[in-house]
Amino acid sequence: MTARPLIIDCDPGVDDAIALFLAFASPDALDVRAITTVAGNVGGALTARNARLIRELAGRADVPVYAGCERPMVRAPVDAGDFHGESGLGNLPVFEPSAPQEQMHAVMFLIEALMAAPTKSVTLAITGPMTNVAMAFVLAPQLAGRVAEIVVMGGARAEGGNITSSAEYNIYADPHAAHVVFSSGAPIVAFGLDVTHQVRSTPARIDAIRAIGTPASRASADLLEFSAGVERNIPGVSGAPLHDPCTIAYLLSPNLFRLAPCAIVVETGEGVALGHTSVELRDMEFSSMRWATHADDEGVFALLLERLRA
Ligand code: RIB
Ligand code: CA
């Protein structure tokens, strides 16, 4: 099997970091061409630094990092520091990574990379606000027809919201960008809270990850422990949801998830519903978009353990 060319656009971010570790640990299946970063969980300078830090811990300084948009397309910036800590990486000891980021802006890189690659050869994984990809699609609309697939963590249907009662953070942080991407016609698989809330850490799962004993697995266990601590403050919730890693787990093992054809409309108007995703599953058999409805959470954690051990 040849490795799938992949660009990961992210806002690390505790769960973004675990998604990166999972992708970096899978070179046989995923040819990570680049990481592009965007302001989201924390500011743009920190998400770029964090992507460089995670790639260093993973021993993958061969993968270039491009910093992208520092603010959403229209609305005012909103971070998720409460969930990710001031550094964006929980209480992980942070340091200045040795390998620098690239000079080119992430949006320009996305355009150049997708125009230069054979059409429908490169997959995009988006695990933060979709600002970079939306800006690339506005500048070069033909990109929507050139991507192999877009897997995105974002939105909610049955689960309600996590940043407001009606919106999931990645969409809420840049609803206009989400509208541009979801209405582009590109082939998209969306992993919303409905499915990511089915995949949660437990103390036993965290212990098993830590026992692997590598820098990436120790860091992953620390990150999951931090998130579990944050989630404990939420009534009726236990364990940290593995939001962003679900996108990478799907690329590695699609049979771990059940998908349904869908249409997704984003509320971009000011007010209580800003960032809400209306996910339609009825009569959608001809849609180019899929909504993940179910996850095999045991299988996702087994995959994470297997890959981090490799
Ligand atoms: O709602 C979860 C999403 O918001 C994840 O991507 C997490 O990293 C935060 O960005
Ligand atoms: Ca994220």
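Look up a bit, the structure's there.
Along every chain, residues carry numbers that run from 1 in the direction the sequence is written. Key to labels: chains lettered from A, ligands numbered from 1, both in the order written. Predicted model: local features are reported for residues with pLDDT of at least 70 only, side-chain atom pairs are reported and counted for 80 or more only, and whole-chain, interface and lining totals are derived from all residues. For the side-chain quantities, the full set of heavy atoms in the structure was used; hydrogens and water were omitted.

Chemist: Report on the overall build of the chain, specifying residues and quantitative values.
Modeler: Strands here are runs of E lasting at least two residues and helices are runs of H or I lasting at least four, both read from the DSSP assignment and numbered beginning at the N terminus. Counting secondary structure elements, the chain contains 12 helices and 10 strands. Over its C-alpha trace the chain gives a radius of gyration of 17 Å, about what one expects of a compact globule, namely 19 Å for 310 residues. For the C-alpha atoms alone, the extent of the chain along its principal axes is close to 45 × 45 × 40 Å. Type-normalised accessible area, obtained with a 1.4 Å probe on protein chains alone, sets the label of each residue: buried when under 20%, exposed when over 50%, and partly exposed for intermediate values. Counting over 310 residues, the chain shows a buried share of 59%. In the chain, 83% of the contacts between residues at least 6 apart in sequence involve partners at least 24 apart. Only C-alpha atoms enter the radius of gyration, while the globule expectation follows 2.2 Å times N to the 0.38, with N the number of residues. Contacts are residue-level and defined by heavy atoms, with any inter-residue pair within 4.5 Å sufficient.

Chemist: Any details on the packing of aromatic side chains? Residues and values, ideally.
Modeler: Pairing of aromatic side chains here covers Phe, Tyr and the six-membered ring of Trp, requires ring centres within 6.5 Å, and sorts the geometry by plane angle: under 30 degrees stacked, over 60 edge-to-face, intermediate tilted. Tallied over the entire structure, the rule returns 4 aromatic pairs. With a centroid separation of 4.0 Å and 15° between ring planes, the pair formed by Y66 and F109 is classed as stacked. Linking Y66 in strand β3 (residues 65–67) with F109 in helix α4 (residues 106–116), this pair joins segments that are 43 residues apart in sequence. Considered together, Y66 and F109 belong to a single accessibility category, that of buried residues. Here F191 and Y250 contribute two aromatic rings whose centre-to-centre distance is 5.3 Å and whose plane-to-plane angle is 55°, an arrangement assigned as tilted. Linking F191 in strand β6 (residues 188–191) with Y250 in helix α11 (residues 245–252), this pair joins segments that are 59 residues apart in sequence. Here the two residues F191 and Y250 agree in accessibility, since each one is buried.

Chemist: If you had to explain unusual backbone geometry to someone new, which residues and values would you point to?
Modeler: A cis geometry characterises the amide bond from P12 onward to G13, with omega recorded as -25°. You can see G13 is positioned in the loop between β1 (4–10) and α1 (14–24). In this structure, K120 takes a positive phi of about 60° despite not being glycine. Positive phi is not limited to glycine here, since D283 has a value of about 55°. With respect to the helices and strands, D283 occurs in the loop between β9 (277–280) and β10 (289–295).

Chemist: Tell me about the sheet that holds strand β2 (residues 30–37), and name the residues and values.
Modeler: At least two DSSP bridges between two strands are needed for those strands to be called paired. Strands sit in the order β3-β2-β1-β4-β5-β6-β10-β7 across an open sheet of 8 strands; the sheet is mixed. In this open sheet, the two strands that pair with only one neighbour each are β3 and β7 (257–261). Adjacent strand axes in the sheet meet at a mean angle of 25° when their direction is disregarded. Relative to strand β4 (residues 122–126), β1 runs parallel, the two sharing 4 bridges. Bridging from a neighbouring strand, I8 pairs with A125 of β4. In this description, a line fitted to the C-alpha atoms serves as the axis of each element, helices being fitted only across the stretch in contact, and the angle between N-to-C directions of two axes falls anywhere from 0 to 180 degrees. Packing against the sheet, α11 makes contact with β1, β2, β4, β5 (147–153), β6 and β7, and its axis sits at approximately 140° to β5.

Chemist: Pulling in residues and values, what's your account of the site of ligand 1?
Modeler: Each residue is tested against the molecule or strand, and it is near if at least one of its non-hydrogen atoms lies within 4 Å. Taken together, the neighbourhood of ligand 1 is formed by 13 residues, with D15, N41, N162, E168 and D244 sitting nearest. For the purposes of these results, a polar contact is taken to be a pair of N or O atoms within 3.5 Å, where, inside protein, one atom must be able to donate a hydrogen and its partner to accept one; residues adjacent in sequence count only when each atom of the pair is a side-chain atom. One of the backbone nitrogen or oxygen atoms of T127 is found 2.9 Å away from an oxygen atom of ligand 1. Within the side chain of N170, a nitrogen or oxygen atom sits 3.0 Å from an oxygen atom of ligand 1. Every accessible area reported is derived by Shrake-Rupley at a probe size of 1.4 Å, with residue values counting cover from the shown protein chains alone. Against a free-state accessible area of 280 Å², the protein chains account for coverage of 97% of ligand 1.

Chemist: Can you break down the coordination of the calcium ion (ligand 2) residue by residue, with the values?
Modeler: By definition of the ideal shapes, four donors in a tetrahedron about a metal sit 109.5 degrees apart, and six donors in an octahedron sit 90 or 180 degrees apart. Note on the calcium ion (ligand 2): its protein donors are D11 (OD), D16 (OD), D16 (OD), T127 (O) and D244 (OD). The metal-donor distances range over 2.2 to 2.6 Å. On the primary sequence, the residues serving as donors to the calcium ion (ligand 2) are separated as D-x4-D-x110-T-x116-D. One end of the pair, D11, is in the loop between β1 and α1; the other, T127, is in the loop between β4 and α5 (131–139), and 116 residues separate them in sequence. By relative accessible area, D11 is classed as buried at 0%. Note on T127: relative accessible area 1%, which makes it buried. With water omitted from the atoms examined, metal sites may look incomplete; donors here are N, O and S atoms no farther than 2.8 Å from the metal, or 3.2 Å in the case of Na, K and Ca.

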